[in-house]
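# Structural description and commentary
What follows is each chain in one-letter form.
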Amino acid sequence: MFVRDVMSANPITVTPDVSVMEALEIMKRSKIRRLPVVQGGKLVGIVTDRDLLQVSPSPATSLSVFEINYLISKMTVKEAMTARVITVSPDDTIEKAAVVMRENSIGAVPVVDGTTVAGIITETDIFDAFLEMLGATRAGVRITVDLPDRKGILARVAGAISEAGANIISVATFELSPDTVRIVIRLEPENADKAADAISACGFDVVHRVRSYVQ
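So, a few notes on the structure that sits alongside this text. (Residues numbered from 1 in each chain as written. Predicted model: local features only at pLDDT ≥ 70, side-chain atom pairs only at ≥ 80, totals over all residues. Heavy atoms only, no water.)

### Focus on the side chain of Asp125
Using the following cut-off: Only DSSP runs of H or I with at least four residues qualify as helices, and only runs of E with at least two residues qualify as strands; both kinds are numbered from the N terminus onward. To sort residues, take the accessible area from a 1.4 Å probe on protein chains only and compare it with the maximum for the residue type: under 20% means buried, over 50% means exposed, and anything in between is partly exposed. Under this rule, positive means Lys or Arg and negative means Asp or Glu; His and the chain ends count for nothing. Salt bridge criterion: a side-chain nitrogen from Lys or Arg within 4 Å of a carboxyl oxygen from Asp or Glu. Any pair of N or O atoms that falls within 3.5 Å is considered a polar contact. Within protein, one atom must be able to donate a hydrogen and the other to accept it, and sequence-neighbouring residues count only if both atoms are side-chain atoms. Contacts are assigned to residue pairs with any non-hydrogen atoms lying within 4.5 Å of each other.
With respect to the secondary-structure elements, Asp125 resides in helix 6 (residues 123–133). It is Arg34 that comes nearest to the buried, bridge-free Asp125 among opposite-charge side chains, at 8.1 Å. Among the polar contacts made by the side chain of Asp125, one reaches the main-chain amide nitrogen of Thr122 at a distance of 2.9 Å. Discounting residues that sit within four places of it in the chain, Asp125 has contacts with Val6, Ser8 and Ile120.

Following this line, the structure appears as structure tokens:
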């Protein structure tokens, strides 16, 4: 799955000279927390609701309410935005986007195609995509199996499932040790329990099975 498959295309953007108050109003009205900042068709920054709130005068200031409101009305996005923007491409994998966000401790990245802001991808988009890839949004039977890390083992498991007449929704693997992997297989409900028994009959360690339902 690629970034273009899960990103929000054609995101709302602002220019650097937009006022802080206007940017906050845009975020509130659109129910978003981030705005790419574009000038001359090119990405020049990104600003979050937290960035905008932090440029406001300190509550401890001796200024009057009128003076504070005047100062805030004059502040622009340029004063609050992050100019060095981390981006990804529409053709990047969602795994790469997830790693970029994790390594930089950020919750979203603009998606740039050439010099154009094509979209924005958030941690929620990544989370939803991984749930979809794991089949967590579909009813089925989730089977956890511990296997020796050897060539051909997964093919044997898949063969047992096929012979039992079950259908695989998704497969995920996790390394437990240099010699052992844990695989999590989600099967469609029909013949799923029969498939789990067939995997056990092959001598593999089925450590957990559970039937899941879509609410």
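From this point on, the discussion continues.
### Considerations on a nonpolar patch on the surface
Cut-off, in case you're wondering: Patches here are clusters of residues that have more than 30% relative accessible area and form no salt bridge, with a 9 Å joining cutoff for like charges and a 5 Å cutoff for nonpolar side chains (Val, Leu, Ile, Met, Phe, Trp, Tyr). In short, Shrake-Rupley with a 1.4 Å probe defines the accessible areas, and a residue's cover is counted only from the protein chains shown.
A cluster of nonpolar residues, Leu154, Ile168 and Val171, forms a patch on the protein surface that exposes about 230 Å² of accessible area. You can see Val171 is positioned in strand 7 (residues 168–177).

### Considering the pattern of salt bridges
Counted under the stated rule, the structure contains 8 salt bridges. We note a salt bridge from Asp193 to Arg209, for which the minimum N-O separation is 3.9 Å. Of this pair, Asp193 sits in helix 8 (residues 192–201) while Arg209 sits in strand 9 (residues 205–212); the two residues are 16 residues apart in sequence, bridging distant segments of the chain. Owing to a relative accessible area of 36%, Asp193 belongs among the partly exposed residues under this scheme. Here Arg211 makes a salt bridge to Asp193, at a shortest N to O gap of 3.0 Å. Pair noted here: Arg211 is in strand 9 and Asp193 is in helix 8, with a separation of 18 residues, a long-range link. Among the residues examined, Arg211 registers a relative accessible area of 35% and is labelled partly exposed. Among the ionic contacts, a cluster of salt bridges with common partners joins Asp193, Asp197, Arg209 and Arg211.

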